[in-house]
Amino acid sequence: MTEPDDDALVSELRGLPTKDVEPEAARRILHVGVEVFAETKAAEGHPWRALLTRATRTLTPIVVAGTVGVYLAWAVSAVNALYP
Amino acid sequence: MDAEERELVTDLRRGNAAAFRRAYAAYRPRVYGFLLRLSGRRDVADDLLQETFIKLARNAASLREDTRLVAWLLTVARNEFLSYRRWSVLDITRILSFGREQSDAVDEGPEARTQAQARLQLLERGLSELPTASREVLLLVGVEGLDQEEAAEILGLGYAALRQRLSRARAELAQRIEALEKRRAKLEPKRASERGAT
C-alpha cells in the first residue's frame, strides 16, 4: 500500500526545472533510434537476419580481443627470441 | 495508465515508427533530466539517453500491453547509468578532471538571483552533492513524482526498504541545504563588499 508523500522538501523537488537535451543532439538521437527501430522491425520477418546481427554484435569484440591477444603474445615471444 | 499511453504501447508493439517518435518527444525530457541529475554531466547524459532509446527501439515489439513507459524507460536509463559508472573507472578523462568536477545539472548564473530561483538552485546543488543511492530515490519520487511502489520496482527494492531509503535521503538533503545556506550566508557580506568596491 503506497503512502502519500506530503513531505515539503520532496514536494519542492517537483518544482525543479525540466532539463532537455540540446536540439541538435535530440535530432541525432531520434534519427539513430528511428533507424534501429526500422531495422528491428525489418528483421522481424527474417529471423536469420536478427540472428546474424546478434552474432555479429557478440563476435566482433571477441575477435578484436582475440586478435590483440595473439598479437601481444607474438610480440612478447619475438622480443624474448631477440634478447634471450 | 491512461488510454493514450496504452495506445502508444500498442502502436510501438506493432512497429509503428510514428509511435516511436511520439514516445521520444513525450518522454525524452524526463529521461534526460533524470540522467543529467544522476550523472552530473551533459555528455554522459546525452550518450545514455541515446542508449536508452535504442533499447526501446530494439525491445518495442516485446513490451507488455500494460507497460508503464516512463517506469520502463527510467529503469533502462538507470541500468545504463550503473553500467556506465562501472566502466568509467577506466575513463582517463574523468580521472584527470577529478576534484574540479561541477555538476552540469546546476546552473549558477546571474539569473538565479530571485529568492525562488535561489532556493531551486540550492535544491539542485544539494541534490547533486548526495550519494547516488540517495539521489536516485529523490529523483524518482521527488522530481519525477512517481508512485513509491513504482520507484521501488525501478530501484529493485522492497517497499519498506524504499521508505527507509527515502527518509534517509530526505534527511541528507535537508542537511546539505542547511550547510549550503550557512555557507552562502557567510559569503554574502564578503560578496556585497566586493560589489561595493568595484
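Residues numbered from 1 in each chain as written. Chains lettered and ligands numbered in written order. Predicted model: local features only at pLDDT ≥ 70, side-chain atom pairs only at ≥ 80, totals over all residues.

### Quick notes on the overall build of chain A
A tally of helices and strands in chain A yields three helices and zero strands. Listing every helix and strand of chain A by position from the N terminus yields α-α-α. Over its C-alpha trace chain A gives a radius of gyration of 26 Å, far above what one expects of a compact globule, namely 12 Å for 84 residues. Its C-alpha atoms put chain A at 75 × 45 × 40 Å along the principal axes. Split into buried and exposed, the 84 residues of chain A put 7% on the buried side. (Helix = DSSP H or I, 4+ residues; strand = E, 2+ residues; numbered from the N terminus. Rg over C-alpha atoms; globule rule 2.2 N^0.38 Å. Buried ≥ 20, exposed ≤ 12 C-beta atoms within 10 Å, placed from the backbone.)

### A few points about the confidence of the model for chain B
For chain B, per-residue confidence averages 87 on the pLDDT scale, and residues scoring 70 or more make up 85% of the total. Scoring the predicted complex yields pTM 0.77 and, for the interface, ipTM 0.79. (pLDDT = per-residue confidence, 0-100.)

### Description of the interface of chain A and chain B
Each partner contributes residues to the interface: chain A has 28 residues there, and chain B has 34 residues. Only helix H1 (8–13) and helix H2 (23–44) of chain A provide two or more residues apiece to the side of chain A that touches chain B. In terms of residue count, the dominant contributor to the side of chain A that touches chain B is H2(A) (13 residues). In terms of residue class, the side of chain A that touches chain B is made up of 15 nonpolar, five polar and eight charged. (Contact = placed C-beta atoms within 7 Å. Nonpolar A, V, L, I, M, F, W, Y, C, P; charged D, E, K, R; others polar.)

### Thoughts on helix H7 (residues 132–143) of chain B
All names here are of chain B. In terms of burial, H7 is largely enclosed, as 10 of its 12 residues are buried. Among all positions in H7, only Ser134, Arg135, Glu136, Val137, Leu138, Leu139, Leu140, Val141, Gly142 and Val143 are buried. Phi turns positive one or two residues past the end of H7, at Gly145, with a value near 65 degrees.

### A short note on the packing of H2(A) against helix H2 (residues 17–39) of chain B
Two quantities define a packed helix pair, namely the angle between the helix axes and the distance between the axes. Orientation of H2(A) relative to H2(B), taken along the N-to-C sense of each, is 145 degrees, at an axis distance of 10 Å. Remark: the crossing between H2(A) and H2(B) carries right-handed chirality. Across from A:Ala26, A:Leu30, A:Gly33, A:Val34, A:Phe37 and A:Ala38 in H2(A), the residues of H2(B) making contact are B:Ala17, B:Phe20, B:Arg21, B:Tyr24 and B:Arg28. When grouped by side-chain class, the residues that make up the contact of H2(A) with H2(B) number eight nonpolar, one polar and two charged. (Axes fitted to C-alpha atoms, helices over the stretch in contact; angles between N-to-C directions. Left-handed = near helix turned anticlockwise from the far one by under 90°.)

### Notes on the packing of H2(B) against helix H3 (residues 42–59) of chain B
All names here are of chain B. In contact at an axis separation of 9 Å, H2 and H3 are set at 140 degrees when each is read in the N-to-C sense. Classified by the angle between their axes, H2 and H3 sit oblique to one another. The two elements H2 and H3 cross, and the hand of that crossing is right-handed. Where H2 approaches H3, its residues Phe20, Ala23, Tyr24, Val31, Tyr32, Leu35, Leu36 and Ser39 are matched on the opposing element by Arg42, Val44, Ala45, Leu48, Leu49, Thr52, Phe53, Leu56 and Ala57. Taken together, the residues of the contact of H2 with H3 sort by class into 14 nonpolar, two polar and one charged. (Parallel < 35°, antiparallel > 145°, perpendicular 65-115°, else oblique.)

### Focus on the domain arrangement of chain B
Residues and elements named next belong to chain B. On domain assignment, one finds that chain B holds domain 1 (1–94) and domain 2 (112–189). Here the C-alpha centre of domain 2 lies 22 Å away from the C-alpha centre of domain 1. Every contact between the two is made by 11 residues of domain 1 and, on the other side, 12 residues of domain 2. Sorting the residues of the side of domain 1 that touches domain 2 by element identifies H2 and helix H4 (69–87) as the ones contributing at least two each. (Domains from an automatic or database assignment.)

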